[in-house]
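Listed here are the chains, written in short residue letters.
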Amino acid sequence: MNASTIDAPRAPQRRKGSNFEKWGWLYMRVSGVLLVVLIFGHLFVNLMLGDGISALDFGFVAGKFANPLWQWWDVLMLWLAFIHGANGMRTIVNDYVRGAKTRATLVWVIGIVAALMILLGTLVVFTFDPCIGASTGGAIADACQAL
Ligand code: HEM
């Protein structure tokens with residue numbers, strides 16, 4: 001087998017042990033199916049139910065983040081989509097970037113950015129407090145006072 005030939009699709013593995021690329025491939029399919037449900041559920045609830053898009057404001061988001069169902073829905077969407085997007089970008093970089101050093105650097109940058117954004121997003125969803133910094137006299141401050 002020379003370097004420019006591609007293995008037959010069902011050729012036996014040459015390496016033993018876990019196969020990162022196979023699990024990555026499978027992850028794209030499984031997360032894709034879950035993302036269809038999560039993303040279209042998210043769009044339907046936010047844009048079509050009730051008053052639709054005109055209901056979207058700070059209070060709407062605060063209301064959703066007060067409910068564990070929507071916290072977990074959004075965090076699941078964040079994790080699945082970010083890992084999906086980052087792994088997809090990794091595939092594109094590995095396919096197209098020719099220099100080994102540039103390729104490794106870009107894959108690291110994608111991984112670090114994805115990890116940071118996932119961490120930040122998860123913290124925001126689970127620590128969000130609408131009452132922090134609520135100015136006095138406003139509807140939000142009044143609601144916070146009543147708690
Ligand atoms: C609506 C739900 C989604 C479905 C069903 C879906 C499905 C897929 C599938 C099956 C692949 C693999 C394609 C291949 O290997 O040839 C893929 C690749 C990819 N997806 Fe998604 N995806 C969805 C949402 C997203 C989102 C939200 C992002 C961005 C955050 C994203 C970014 C990517 C990227 C960058 C690739 C790599 C493209 C490539 O290899 O050429 N996808 N998607």
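Check the entry above for the structure.
The rules behind each value
Going along each chain's sequence as written, the residues are numbered from 1 onward. Where totals are concerned, whole chains, interfaces and linings use all residues; where local detail is concerned, this predicted model gives features only for residues with pLDDT of at least 70, and gives and counts side-chain atom pairs only at 80 or more. Note: side-chain values were computed over all heavy atoms of the structure, leaving out hydrogens and water. Salt bridge, as used here, is a side-chain nitrogen of Lys or Arg placed within 4 Å of a carboxyl oxygen of Asp or Glu. Strands are runs of DSSP state E lasting at least two residues, helices are runs of H or I lasting at least four, and both sets are numbered from the N terminus onward. For the exposure calls, accessible area comes from a 1.4 Å probe over protein chains only, and a residue counts as buried if that area is under 20% of its type's maximum, exposed if over 50%, partly exposed in between. In this analysis, the expected span of each helix is defined as 1.5 Å times one less than the number of residues it contains. Fitting one axis to the seven residues ending at a residue and another to the seven starting there, the bend at that residue is the angle between the two axes. We call two residues in contact whenever any of their non-hydrogen atoms come within 4.5 Å of each other. Any nitrogen, oxygen or sulfur atom within 2.8 Å of a metal ion counts as a donor, with the limit raised to 3.2 Å for Na, K and Ca, and since water is left out, coordination shells can look unfinished. We define proximity as follows: a residue is near a molecule or strand when any one of its heavy atoms falls within 4 Å of that partner. Residues adjacent in sequence count toward polar contacts only when both atoms are side-chain atoms; beyond that, a polar contact is any pair of N or O atoms within 3.5 Å, and within protein one must be able to donate a hydrogen and the other to accept it. Polar here means any residue outside two lists: the nonpolar Ala, Val, Leu, Ile, Met, Phe, Trp, Tyr, Cys and Pro, and the charged Asp, Glu, Lys and Arg; Gly therefore counts as polar.

### Notes on the pattern of salt bridges
Here comes step 1: The full count for this structure, using the stated rule, is one salt bridge.
Here comes step 2: The shortest N-O distance in the salt bridge between Glu-21 and Arg-90 comes to 3.0 Å. With Glu-21 in helix 1 (residues 20-47) and Arg-90 in helix 3 (residues 68-96), the pair connects residues that are 69 residues apart, well separated along the chain.
Here comes step 3: On the basis of relative accessibility, which here comes to 46%, the residue Glu-21 falls in the partly exposed class.

### Some points on helix 1
Here comes step 1: Taking 1.5 Å per residue as the helical rise, helix 1 with its 28 residues ought to reach 40 Å, and the 38 Å between its terminal C-alpha atoms agrees with that figure.
Here comes step 2: The largest bend in helix 1 is about 25 degrees, located at Leu-35.
Here comes step 3: Turning to helix 1, its buried residues number three or more, namely Gly-24, Met-28, Ser-31, Leu-35, Leu-38, Gly-41 and Asn-46.
Here comes step 4: The inward-facing, buried residues of helix 1 contact helix 2 (58-65) and helix 3.

### Some thoughts on the coordination of the iron atom of the ligand
When four donors bind a metal tetrahedrally, each ideal donor-metal-donor angle is 109.5 degrees, and when six bind octahedrally, the ideal angles are 90 or 180 degrees.
Here comes step 1: Counting protein donors around the iron atom of the ligand gives one, His-84 (NE2), at 2.0 Å.
Here comes step 2: Looking at the element boundaries, His-84 is found in helix 3.

### Thoughts on the site of the ligand
Here comes step 1: In the vicinity of the ligand, the residues found are Met-28, Arg-29, Gly-32, Leu-35, Val-36, Ala-81, His-84, Gly-85, Gly-88, Met-89 and Ile-92.
Here comes step 2: One of the side-chain N or O atoms of Arg-29 is found 3.3 Å from an oxygen atom in the ligand.
Here comes step 3: Measuring from a nitrogen atom of the ligand, one finds a side-chain N or O atom of His-84 at 2.8 Å.
Here comes step 4: Those elements that provide at least two residues to the shell around the ligand are helix 1 and helix 3.
Here comes step 5: Among the elements that line the shell around the ligand, the one with the most residues is helix 3, at six residues.
Here comes step 6: The residue inventory of the shell around the ligand, partitioned by class, reads six nonpolar, four polar and one charged.

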